[in-house]
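Descriptive structure summary
Spelled out, the chains give:
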Amino acid sequence: MKTNIKNILTGVFTNMSQHKLIWAIGALIITLTFGAAISTVVYKNAQISQTPKQPPSIYDDALKSNGTPRATDPESSADESTSLDTSKQNTADTKQQTGGQQSAQTQNKPSTSSSPSTKPPTSGSGSTTPIPPKPTAPVVTPPTPTLPPSGQAVPRSDFGVWKHIFYDDFTKDATLGTWGEDWNGDKIVYTGAQGQQWRAYPKSYKDTYNQRPYRSDQVLSVKNSMLNFWLHNVEGQPAGANPSPIISSGSQYQTYGRYSARFKVDSPNLREYYVAWLLWPQSERWPQDGEMDFPEGNLSGNVGGFHHYSGAGSCTNGCQDVANVPANTKFTDWHTYTIEWMPGRVRYILDDKVVLDSTKWVPSGPMRWQLQTETNGNGTNSGNLTVDWVSVWSYRP
């Protein structure tokens, strides 16, 4: 009996120990599970407290298929901009939202996704109104002179004391702009078909009367076997040009010579322009070393000519001989103008008629020939002075 009771008690205590172990294990499992859950909740709460608030989801339904936001209320856009500007974004999602916010800030600016020429605006009726293409700057070209042939070929032969050394009948075209130069007066600006060379006063040189810049770049061109001076307003004011040929051995100068040119103008109204095609001293001393001007005059008036004395006879006013040109000789007609300069004698010849023959105070130093066409007045008249040919001889007694 005692044995049975002992066995029973032993079994009970054994079972109780087993049950305690089971309960203990169960309690441990429950504790670990609960603790893990609590830790997860705490961790998530900590993460949520550290993550910035996202902007309202206005962009989720405001974005087009191409990612461009539709127009939104300006006040709500301003609130959203403030929210985003005050938070630093650290993840890819928040950077994408910042990009959306930047697009929303610029939504009222014109679209740059296509140019105006390819995306015409819509009118109030919903129809499209095409935008005309942007105009380009027109190419400025001189008008073609409507002049008949001069009726006279360029002279090229020796005769008497004159040996022919240079001519140009302008058979090589040169477009407007090719004669231009800003500063260098020694630059060759035109080379003819037979190798003739020309210089022209650059833009930095000023004319005599109105001190306006010479504009060979906008005045001179060669076409149809003629040198053309397109006389017109350049940059708001009349403009002329002043070319000069290189006659021999790379020089513009010689002592004594014969110079001829044939030209006319196509408008009688060029009162803003004045010619003084002249021989000018290499010394640049004036009036001491003289000056010979033929033809000279306002292009809307009559042809004239002047021989300015050199040496002891020179002065700045009135020390000169005046050519006796027939009355009403106009620049609008074809004429050949010739200067003959030899020791102690100057002659001016209009076509075949001597209009000046002077032996007074004749220059004796080297000179160059300038086709000086300049401004003398204000206005907007325009026209062409067209040169058929020029020819030069040296003095060989």
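Here the structure is a predicted model, which is why all the values come from computation and not from measurement.

Attention now moves to the packing of aromatic side chains. All chains considered together, the criterion is met by 19 aromatic pairs. Where Tyr-256 meets Trp-341, the ring centres are 5.1 Å apart and the plane angle is 65°; that geometry is what we call edge-to-face. Taken together, the residues span a long stretch of sequence, with Tyr-256 in the loop between strand S8 (253-254) and strand S9 (257-265) and Trp-341 in strand S14 (residues 335-342) at a distance of 85 residues. Here Tyr-256 falls in the buried class, since its relative accessible area comes to 16%. An angle of 75° between the planes, with centres 5.6 Å apart, marks the rings of Phe-294 and Tyr-337 as edge-to-face. A residue pair is termed long-range when its members are at least 10 positions apart, and Phe-294 in strand S11 (residues 291-298) and Tyr-337 in strand S14 qualify at 43 residues. Side by side, Phe-294 and Tyr-337 carry an identical accessibility label, which is buried. Site record: aromatic cluster; members linked through ring pairs are Phe-229, Phe-263, Trp-277, Phe-294, Phe-331, Tyr-337 and Tyr-348.

Turning next to the pattern of salt bridges. Tallied over the entire structure, the rule returns 12 salt bridges. Two residues, Asp-158 and Lys-163, come together in a salt bridge whose shortest N-O distance is 3.9 Å. Lys-163 gets classed as partly exposed once you look at its relative accessible area, which sits at 34%. A salt bridge links Asp-351 to Arg-262, with the nearest nitrogen and oxygen atoms 4.0 Å apart. Here Asp-351 is found in the loop between strand S15 (345-350) and strand S16 (353-358), whereas its partner Arg-262 is found in strand S9, with 89 residues between them in sequence. For Asp-351, a relative accessible area of 31% corresponds to the partly exposed category. On the basis of relative accessibility, which here comes to 8%, the residue Arg-262 falls in the buried class. It is possible to trace a salt-bridge network through shared partners that takes in Arg-215, Asp-217 and Glu-235.

Evaluation of the coordinates by the stated rule reveals one disulfide. Each disulfide pairs two cysteine sulfurs, and for Cys-315 the partner residue is Cys-319, the sulfurs being separated by 1.7 Å. Residues Cys-315 and Cys-319 are joined by a disulfide whose S-S torsion is about 110°; by sign, that bridge is right-handed. Residue classification places Cys-315 among the partly exposed residues on the basis of a relative accessible area of 23%. Judged by relative accessible area, which is 21%, Cys-319 ranks as partly exposed.

Another point: the sheet that holds S8. Strand order across the open sheet formed by six strands is S8-S17-S10-S11-S12-S13, with antiparallel pairing between neighbours. The sheet is open, and its two borders are formed by S8 and strand S13 (320-322), each paired with just one other strand. Inspection of the sheet shows S11 paired to strand S12 (residues 304-308) by four bridges, in the antiparallel sense. Pairing of Glu-291 across the sheet is with His-308, part of S12.

Interpreting fine coordinate detail is not advised for predicted regions of low pLDDT. Averaged over every residue, the pLDDT of the protein chain is 77; residues scoring 70 or more account for 62%. Contacts for the low-pLDDT stretch residues 40-129, under 50 throughout, to residues beyond four places or in other chains number 55 contacts. Scored below 50 in pLDDT, residues 134-138 makes zero contacts in the model with residues more than four places away or belonging to other chains.

Parameters and conventions
- Residues numbered from 1 in each chain as written.
- Predicted model: local features only at pLDDT ≥ 70, side-chain atom pairs only at ≥ 80, totals over all residues.
- Heavy atoms only, no water.
- Phe/Tyr/Trp six-rings, centres within 6.5 Å; stacked < 30°, edge-to-face > 60°.
- Helix = DSSP H or I, 4+ residues; strand = E, 2+ residues; numbered from the N terminus.
- Buried < 20%, exposed > 50% of the residue type's maximum accessible area, 1.4 Å probe, protein only.
- Salt bridge = Lys/Arg side-chain N within 4 Å of Asp/Glu carboxyl O.
- Disulfide = S-S within 2.5 Å.
- Pairing = 2+ DSSP bridges.
- pLDDT = per-residue confidence, 0-100.
- Contact = heavy atoms within 4.5 Å.

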